[in-house]
Amino acid sequence: MKSPVYTIFYKELLENFRDRKTVMNALIIGPLIGPLILALILSTVISRETKRAEKPLELPVIGAEHAPTLINFLRTQNVEIQPGPKDPIAAVKAQDHNVVMRLDAEFGKAFQAGDPAPVELIYDSSQRDGESDQQRITSILDRYGRTVGAMRLVARGVHPGLINPIATVDRDQASPEARGAMILGFLPYVLVLGAFMGGMYLAIDTTAGERERQSLEPLLANPVPRWQIMAGKLLATSAFAIGSLVVTLVAFAVIMPMLPLKQLGFKFNFGIVVFLQMLVALGPVVLLASAVQTSIAAYAKSFREAQSWLGLLNIIPAIPSMILMVVPTKPVLWMFAVPLLGQHHAVMKLVRNETITNMEWGVLMGSGLLLALIVSWIAARIYNRENLAISA
Amino acid sequence: MIEVNDLHKAFGEVRAVDGVSFTAHDGQITGLLGPNGAGKTTTLRMLYTLMRPDKGRVLVDGRDAAVETVAVRKSLGVLPDARGLYKRLTARENIRYFADLQGVPEAEARPREQRLIDALGMADIAERRTEGFSQGQRVKTAIARALIHDPRNVLLDEPTNGLDVMSTRAMRGFLQQLKAEGRCVLFSSHIMQEVALLCDRIVVIAKGHVVAQGTPDQLRAQTGESNLEDAFVKVIGTDEGLFG
């Protein structure tokens with residue numbers, strides 16, 4: 001004899017696989033939308049950055065005639081000198097130019113006298129490219145200034161090293177994977193959201209939907225304890241959630257290598273082992289989400305009510321990612337015990353190619369599964385309510 | 001056999017069922033007659049253990065429904081007031097789902113499933129998905145799945161509700177057949193003519209109480225009315241809602 005839990009699980013899957021709308025939403029659109037949006041954003045950012053790095057920097061200059069040597073130096077540094085606008089402030093405000101350089105007769109005089117020669121840079125640091133262009137110009141000007149300064153010292157018989165008492169050496173410890181992780185901060189959210197979306201339709205359909213279609217009452221007349229009925233439905237919901245998560249992960253594994261990330265010095269750690277580890281790490285939160293969704297759908301008085309509650313529930317997985325974006329914290333062991341937060345850190349560690357210790361794995365899985373079990377028990381309690389089957 | 005002893009059920013202030021007792025015997029059709037809102041559905045829901053009585057006891061084939069709930073459900077075939085089907089499953093799949101939940105071995109379930117499909121005249125719709133079924137086709141499917149475990153006792157809540165004349169006639173014939181097979185058939189109805197036509201015993205319920213019960217002859221004798229219709233009106237105190 002088949003176990004009733006299996007019978008119910010199988011029937012819910014069969015019935016929902018026959019529903020094209022549910023399959024589309026839960027297993028195709030829901031899980032693919034995140035990776036696609038992410039890929040779109042990343043490829044736009046990447047192509048923009050690479051283009052900007054290669055393109056000569058356009059620099060309108062007012063009063064270029066006052067500093068011919070400086071202008072020549074700038075030209076050697078991949079800067080394209082353009083005639084300056086009449087009203088540089090208005091031009092920058094209108095975003096016609098990112099930076100405008102202004103020189104006047106003072107420059108020549110001060111330069112000849114060996115005084116600091118004034119160079120004016122007009123830019124808007126609140127514009128995305130304003131500040132980076134300004135920094136690029138400033139660093140070129142600095143280089144020019146140091147060269148001229150060194151030559152002046154040499155001409156006076158002074159060792160130019162005297163004015164550089166400190167030599168800083170940068171040793172960036174970020175691995176290519178870790179640098180990639182910085183722009184992948186919302187990957188954990190996208191993954192968890194995929195699982196939430198995948199389970200949502202079944203959680204509603206198998207409980208609130210079944211009650212609304214008047215089929216729950218005959219079902220409960222069968223000689224099967226209600227917790228087993230709940231368990232079969234919960235397993236079907238979890239199966240869809242996991243299916244949705246797998247689709248999301250596969251989409252990432254396919255899309256990520258297609259992006260020209262190497263050009264930016266990023267590397268993504270997305271091998272089959274990481275893929276499976278992510279699946280395992282997210283497993284408990286998928287079960288927990290399905291149990292919460294089933295509880296809410298069973299508690300809700302109608303299909304509509306269940307839908308609006310579960311829609312709101314989808315916001316919750318964004319919370320840890322958003323908090324960590326504003327207040328980046330180092331992962332500490334207790335955080336692995338908090339559902340979603342633990343998953344966030346685990347996924348980020350995997351992407352950054354860092355090791356998750358056995359202790360962290362244990363805490364992550366243990367607390368997640370325990371909570372899933374507790375919420376499942378609550379769902380079973382809700383199923384035991386006498387008015388479960390009776391629609392208003 | 002179903003024995004009901006002093007059932008009570010209240011929802012807040014409303015006493016839906018307030019001291020209902022009766023017995024439904026094997027090989028007989030027992031009718032639960034009463035106007036809408038008399039407490040018929042709530043009584044049946046307590047019989048098939050969807051609800052727990054506040055007070056009182058239900059015995060099915062001698063088993064206490066509150067204690068041996070699972071065993072009692074196995075010995076009951078139920079057509080509840082809510083008779084929703086799974087619209088993305090075929091009629092046959094709907095029946096098989098309940099066969100599995102009832103724990104009927106396949107070797108037993110398959111031939112019985114075919115017999116029910118033939119007996120209910122639903123061979124032409126058995127492989128169709130139930131979406132878009134007519135009311136009659138839906139009731140047939142719901143009855144087939146309710147009887148797939150060959151229950152000794154059959155409970156039907158308003159079985160002819162929403163059926164056309166032909167389907168109603170077929171339903172009556174089917175209930176007679178269940179009776180002939182020696183089962184205990186208990187159904188509720190608010191239609192007097194139907195109950196009068198079919199039942200060996202009639203239990204008249206009004207406002208949560210049993211106001212009269214017995215064979216049609218006994219009811220006529222009790223009330224001193226030669227016409228059964230007048231007898232009902234007399235015991236209920238009003239003819240409201242008793243005419244189909």
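Residues numbered from 1 in each chain as written. Chains lettered and ligands numbered in written order. Predicted model: local features only at pLDDT ≥ 70, side-chain atom pairs only at ≥ 80, totals over all residues.

### Considering the sheet that holds strand β2 (residues 79-83) of chain A
Sheet strands line up and pair through hydrogen bonds in the backbone, either parallel or antiparallel.
Residue and element names in this part refer to chain A.
Step number 1: Taking strand neighbours across the sheet as the criterion, the four strands line up as β2-β1-β3-β4 in an open arrangement whose pairing is mixed. Edge strands, defined here as strands with exactly one partner in the open sheet, are β2 and β4 (120-123). Each adjacent strand pair in this sheet contributes to an overall mean axis angle of 30°, direction not counted.
Step number 2: Here strand β3 (residues 99-102) runs beside β4; their pairing, made up of four bridges, is antiparallel. Counted as the bridge partner of valine 99 is tyrosine 123 from β4.
Step number 3: Packing of helix α3 (residues 68-76) onto the sheet brings it into contact with β1 (57-62) and β2, and relative to β2 it is tilted by some 130°.
Step number 4: Along the sheet, helix α6 (residues 128-155) contacts β1, β2, β3 and β4; its crossing angle with β4, the most-contacted strand, is approximately 165°. (Pairing = 2+ DSSP bridges. Helix = DSSP H or I, 4+ residues; strand = E, 2+ residues; numbered from the N terminus. Axes fitted to C-alpha atoms, helices over the stretch in contact; angles between N-to-C directions. Contact = placed C-beta atoms within 7 Å.)

### Details of the packing of helix α1 (residues 4-17) of chain A against helix α10 (residues 226-255) of chain A
Residues and elements named next belong to chain A.
Step number 1: α10 packs onto α1 with a crossing angle of 40° between their chain directions and a minimal axis gap of 8 Å. On the basis of their axis angle, the class for α1 and α10 is oblique. Of the two elements, α1 crosses α10, and the hand of that crossing is right-handed. Listed contacts from α10 to Pro4, Val5, Thr7, Ile8, Phe9, Glu12 and Leu13 of α1 are Gln228, Ile229, Ala231, Gly232, Lys233, Leu235, Ala236 and Ala239.
Step number 2: For the contact of α1 with α10, the per-class residue count stands at 10 nonpolar, three polar and two charged. (Parallel < 35°, antiparallel > 145°, perpendicular 65-115°, else oblique. Left-handed = near helix turned anticlockwise from the far one by under 90°. Nonpolar A, V, L, I, M, F, W, Y, C, P; charged D, E, K, R; others polar.)

### A word on the domain arrangement of chain A
Step number 1: For chain A, the assigned domains read domain 1 (4-46 + 177-388) and domain 2 (56-171).
Step number 2: A straight line from the C-alpha centre of domain 1 of chain A to that of domain 2 of chain A covers 53 Å. (Domains from an automatic or database assignment.)

### Notes on the packing of helix α11 (residues 272-299) of chain A against helix α15 (residues 358-383) of chain A
All names here are of chain A.
Step number 1: Between α11 and α15, the shortest axis-to-axis distance is 8 Å and the interhelical angle comes to 15°. Taken as axis vectors, α11 and α15 run roughly parallel relative to one another. For α11 against α15, the interelement crossing comes out left-handed. Contacts from Ala281, Pro284, Val285, Leu287, Leu288, Ala291, Val292, Thr294, Ser295, Ala298 and Tyr299 of α11 reach α15 at Leu364, Met365, Gly368, Leu369, Leu371, Ala372, Val375, Ser376, Ile378, Ala379, Ile382 and Tyr383.
Step number 2: For the contact of α11 with α15, the per-class residue count stands at 19 nonpolar, four polar and no charged.

### A word on the sheet that holds strand β2 (residues 14-24) of chain B
Residues and elements named next belong to chain B.
Step number 1: Pairing within the open sheet is antiparallel, and its four strands lie in the order β2-β1-β4-β5. Taken across any chain shown, the strands that pair with only one partner, and hence form the sheet edges, are β2 and β5 (63-64).
Step number 2: Two elements, strand β4 (residues 55-60) and β5, share two bridges in a ladder whose sense is antiparallel. Bridging from a neighbouring strand, valine 60 pairs with arginine 63 of β5.
Step number 3: Packing against the sheet, helix α1 (residues 40-47) makes contact with β1 (2-11), β2 and β4, and its axis sits at approximately 120° to β1.

### Structural notes on helix α6 (residues 165-180) of chain B
Residues and elements named next belong to chain B.
Step number 1: Here α6 spans 23 Å end to end across 16 residues, near enough to the 22 Å set by a 1.5 Å rise per residue.
Step number 2: The complete set of buried residues in α6 reads Met171, Phe174, Leu175, Leu178 and Lys179. One face of α6 carries all of its buried residues, which in axial projection span an arc of 145°. When the buried face of α6 is taken as reference, the exposed residues oriented beyond 90 degrees from it are Val165, Met166, Arg169, Gly173, Gln177 and Ala180.
Step number 3: Buried residues along α6 sit against β3 (28-33), α4 (106-119), β7 (153-157), β8 (184-189) and α7 (192-198). (Expected span 1.5 Å × (residues − 1). Buried ≥ 20, exposed ≤ 12 C-beta atoms within 10 Å, placed from the backbone. Arc of directions from axis to C-beta.)

### Digging into the interface of chain B and chain A
Step number 1: Taken together, the contact between chain B and chain A spans 24 residues of the former and 20 residues of the latter.
Step number 2: Those elements that place two or more of their residues in the side of chain B that touches chain A are α2 (69-74) and α3 (91-101) of chain B.
Step number 3: Take the side of chain B that touches chain A: its biggest share by element is four residues, from α3(B).
Step number 4: Residues of the side of chain B that touches chain A, tallied by class, amount to 15 nonpolar, three polar and six charged.

### Some remarks on the confidence of the model for chain B
Residues and elements named next belong to chain B.
Step number 1: Confidence along chain B averages 91 in pLDDT terms, with 97% of residues attaining 70 or more.
Step number 2: Per-element confidence in chain B is highest for α3, whose mean pLDDT is 97, and lowest for helix α9 (residues 228-236), whose mean pLDDT is 80.
Step number 3: Confidence estimates for the predicted assembly give a pTM of 0.83 and an ipTM of 0.92. (pLDDT = per-residue confidence, 0-100.)

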